[in-house]
Amino acid sequence: MVVLPAAAYLDQYWKVMSTKSLGNFNLGTSGLLIVCNLLRIAYWVPKQFSTVLLTQSWLMLATQLMLLEGAVRIRNWQQKHDAAAAAAANPMSPGAVIAKPIRSPRVYFANFWNWPTFGHYLFFIFILVGLPLLLIPICFDVEPWFYEPLGALALGIEATVPMPQAYSNWRNKSVQGISAVVILSWFGGDLFKIFYYIANDAPAAFLACGIVQFTVDLVICGQIVTYTKYQRVAGKDSATVAPTAVAAPASPKSPELVPLANMASL
């Protein structure tokens, strides 16, 4: 229960690093999981719920930070590689585009979750979100009206985790680069949560969030079947198209030779 939810994302990390490509993996998935688990950790400070769930949150947070760092590094490498290849093919092109440094809050938030370096993500995660959430309950005697919504907010954000990936799949009509292990962990984990909530008479909000997650999981599974089939058909069509044969230029007609017998009769 502690290790398996985070371990599934190690396969996504391996897939990104081994192929040196993000494929269609959406970084928003990591962002939602990071914020969700930060809220859970902050909620634990005044609430002191199960340490097993707390350990799970810390482990998932560390895994998503590792995945995010690797994904940003590969994305930057891929952009430079593509720009260098384009410059080699066309010497008149300007070459690799170097990201300009972010020097103002307006530019920072205008490029939200599409920042050029991993440090920009860390600044948002720990300085703008994590530090206030942790310091307020530690330094002040907070009332239930403050920390109870943190648990509800974490639950609501967790319900939206698969949505960025489903949107990317639909927009790009592709599921390339997505770890099957992650999708299976979503499907199995969310289905288990629904039965667990029903069996233990959990609040309706828990069940509703579980149903939303599982519904999006089903959508993603449908996308995998549809887009994989579409890509196979497109690949076969492109492979069966033969290059058009170019007719050889007709050779000039050689003059007819007069037989020797006919010449003798002349």
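Quick summary incoming for the structure in this document.

### Quick look at the overall build of the protein chain
At step 1: If you tally the helices and strands in the protein chain, you get 10 helices and 0 strands.
At step 2: Along the protein chain, from the amino end to the carboxyl end, the secondary structure elements read α-α-α-α-α-α-α-α-α-α.
At step 3: Counting the 266 residues in the protein chain, one finds 33% classified as buried.
At step 4: Sequence-distant contacts, at least 24 apart, represent 77% of the contacts inside the protein chain between residues at least 6 apart.
At step 5: Just so you have it, the protein chain exposes about 16,500 Å², and 70% of that area is on carbon and sulfur atoms.

### As for the side chain of asparagine 169
At step 1: Mapped onto the elements of the fold, asparagine 169 is located in helix α7 (residues 163–172).
At step 2: Under the relative-accessibility criterion, asparagine 169 is labelled buried at 0%.
At step 3: With residues up to four places along the chain from it excluded, the contact list for asparagine 169 reads Asn24, Ser174, Val175, Ile178, Ile220, Gln223 and Tyr227.

### Examining a nonpolar patch on the surface
At step 1: Together, Phe109, Phe112, Phe123, Phe126, Ile127, Leu128, Leu131 and Leu135 make up a nonpolar patch on the protein surface, roughly 710 Å² of accessible area in all.
At step 2: Counting residues per element, the nonpolar patch draws most heavily on helix α5 (residues 118–139), which supplies 6 residues.
At step 3: Mapping phenylalanine 112 onto the fold places it in the loop between α4 (105–110) and α5.

### Section: the layout of surface pockets
At step 1: Computed from the structure, the largest pocket encloses a volume of approximately 1,200 Å³.
At step 2: Surrounding the largest pocket, 33 residues form its lining, Arg40, Gln56, Glu158, Lys193 and Tyr197 being those nearest its centre.
At step 3: Those elements giving two or more residues to the lining of the largest pocket turn out to be α1 (4–19), α2 (27–47), α3 (51–89), α6 (144–159), α8 (180–199) and α9 (204–240).
At step 4: The leading source of residues in the lining of the largest pocket is α8, at 9 residues.
At step 5: Of the residues contributing to the lining of the largest pocket, the split by class is 20 nonpolar, 8 polar and 5 charged.

### Points about the nonpolar core
At step 1: Of all hydrophobic cores here, the largest spans 47 residues; its most connected members are Tyr9, Leu27, Leu68, Trp113, Tyr121 and Ile125.
At step 2: Contributions of two or more residues to this core are made by α1, α2, α3, α5, α6, α8 and α9.
At step 3: With 10 residues, α2 is the single largest residue contributor to this core.
At step 4: Residue contacts for tryptophan 113: discarding those within four places in its chain leaves Leu27, Gly28, Gly31, Leu68, Tyr121, Phe124 and Ile125.

Definitions and limits used
Residues numbered from 1 in each chain as written. Predicted model: local features only at pLDDT ≥ 70, side-chain atom pairs only at ≥ 80, totals over all residues. Heavy atoms only, no water. Helix = DSSP H or I, 4+ residues; strand = E, 2+ residues; numbered from the N terminus. Buried < 20%, exposed > 50% of the residue type's maximum accessible area, 1.4 Å probe, protein only. Contact = heavy atoms within 4.5 Å. Areas by Shrake-Rupley, 256 points an atom, 1.4 Å probe, with all protein chains shown as cover. Patch = residues over 30% accessible without salt bridge, like charges linked within 9 Å, V, L, I, M, F, W, Y side chains within 5 Å. Salt bridge = Lys/Arg side-chain N within 4 Å of Asp/Glu carboxyl O. 1 Å grid on protein atoms, 1.4 Å probe; cavity = no way out; pocket = protein on both sides within 12 Å on 5 of 7 lines; lining within 4 Å. Points joined across faces, edges and corners; volume = space filled by probe spheres on them. Nonpolar A, V, L, I, M, F, W, Y, C, P; charged D, E, K, R; others polar. Core = buried A, V, L, I, M, F, W, Y, C linked by side-chain atoms within 4.5 Å.

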